[in-house]
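Letter by letter, the chains look like this.
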Amino acid sequence: MDEIESCIEMSLDDLESSKLLFENEKYRNSITLAYYSMFYLARALLLKKGYEPKTHSGVIQLLGEKYVLEEGFNSDLASKFSRARTLREDASYANFDDFDKNTAKNIIWLAEEFIEEARKFI
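Residues numbered from 1 in each chain as written. Predicted model: local features only at pLDDT ≥ 70, side-chain atom pairs only at ≥ 80, totals over all residues. Heavy atoms only, no water.

Trainee: Any chance you could explain the side chain of H56 here in plain terms?
Mentor: Here H56 is to be found in helix α3 (residues 56-71). Engagement of the side chain of H56 in a polar contact is seen with the side chain of Y35, the distance being 2.7 Å. Among all residues touching H56, those that are not within four sequence positions of it are Y35, Y36, F39, R85 and R88. (Helix = DSSP H or I, 4+ residues; strand = E, 2+ residues; numbered from the N terminus. Polar contact = N/O pair within 3.5 Å; in protein donor to acceptor, adjacent residues only side chain to side chain. Contact = heavy atoms within 4.5 Å.)

If you want it as structure tokens, here you go:
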């Protein structure tokens, strides 16, 4: 399996895991994996064009440049993906568990929409 296919598989696996965590009221980790489902798919898109960003911010920046501006990827979804990064960082590194059902539900919905949009470009 090549790296692009691997990223796509990780994306779908992370979304499925996010939903399982959500169902078991593990909202903090559900948020983290929903973000990663978008991250890996964005990475797959960039790999398809020959780009290999090393950081989360690099993935977000190049997605904007190479897909939103050049290919017509939904800019609203790309912006929400960028904001989801901050939420993922809070969920991963904060010393509190203040992540609610509604927040997790919204980021899972965002991940589903992001994946649907990204499939147009894979």
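Trainee: Looking at this model, I keep getting lost on the packing of aromatic side chains. Mind explaining?
Mentor: Remark: the centre distance and the inter-plane angle together describe each pair of aromatic rings, the angle taken between the planes. Under the criterion given, the structure shown has 11 aromatic pairs. Ring centres 5.8 Å apart and planes at 80° place the aromatic pair Y67 and F121 in the edge-to-face group. Taken together, the residues span a long stretch of sequence, with Y67 in helix α3 and F121 in the segment after α5 (101-119) at a distance of 54 residues. We classify F121 as buried; its relative accessible area is 14%. Here the aromatic cluster, defined as three or more aromatic residues joined through ring pairs, consists of Y35, Y36, F39, Y40, Y67, F73, F81, F114 and F121. (Phe/Tyr/Trp six-rings, centres within 6.5 Å; stacked < 30°, edge-to-face > 60°. Buried < 20%, exposed > 50% of the residue type's maximum accessible area, 1.4 Å probe, protein only.)

Trainee: I'm lost on the pattern of salt bridges in this one. Help?
Mentor: One side chain can pair with another of opposite charge once the charged atoms of both are near each other. Tallied over the full model, the rule gives eight salt bridges. Across the salt bridge formed by E89 and R85, the nearest N and O atoms sit 3.2 Å from each other. A residue pair is termed a helical-turn pair when its members lie 3 or 4 positions apart in one helix, as E89 and R85 do in helix α4 (residues 75-93) at four residues. Taken together, the salt bridges that share partners define one network made up of K49, K66, E70 and E71. (Salt bridge = Lys/Arg side-chain N within 4 Å of Asp/Glu carboxyl O.)

Trainee: For this particular structure, what's the right way to read the packing of helix α2 (residues 27-48) against α4?
Mentor: Think of two packed helices as two axes; the pair is described by the angle between the axes and how far apart they sit. It is the contact of α2 with α4, at a shortest axis distance of 9 Å, that shows an interaxial angle of 140°. In terms of their interaxial angle, α2 and α4 are classed as oblique. The chirality of how α2 crosses α4 is left-handed. Residues R28, I31, T32, Y35, Y36, M38, F39 and A42 of α2 touch α4, and the partners they reach there are F81, A84, R85, L87, R88, A91 and S92. Residues that form the contact of α2 with α4 fall into these classes: 10 nonpolar, two polar and three charged. (Axes fitted to C-alpha atoms, helices over the stretch in contact; angles between N-to-C directions. Parallel < 35°, antiparallel > 145°, perpendicular 65-115°, else oblique. Left-handed = near helix turned anticlockwise from the far one by under 90°. Nonpolar A, V, L, I, M, F, W, Y, C, P; charged D, E, K, R; others polar.)

Trainee: Just to check I follow, could you spell out the side chain of T32 for this structure?
Mentor: Structurally, the position occupied by T32 is in helix α2. Judged by its relative accessible area of 11%, T32 is buried. Beyond its immediate chain neighbours, meaning those up to four positions away, T32 contacts R88, A91 and S92.

Trainee: Would you mind going over the environment of Y51 with me for this structure?
Mentor: Its location among the elements puts Y51 in the loop between α2 and α3. With relative accessibility at 30%, the residue Y51 sits in the partly exposed group. Taking the C-alpha atoms as reference, Y51 lies 19 Å from E117; in sequence the two are 66 residues apart. Once residues within four sequence positions are removed from consideration, Y51 is found in contact with L46, L62 and K66.

Trainee: Teacher, can you tell me more about α2 here?
Mentor: Counting along an α-helix, one turn takes 3.6 residues, and residues three or four places apart therefore face a common direction. In this model α2 runs 32 Å from its N-terminal to its C-terminal C-alpha over 22 residues, within 8% of the 32 Å that 1.5 Å per residue would give. Most of α2 sits inside the fold, with 18 of its 22 residues counted as buried. Of the residues flanking the end of α2, it is G50, one or two places downstream, whose phi is positive at about 90°. (Expected span 1.5 Å × (residues − 1).)

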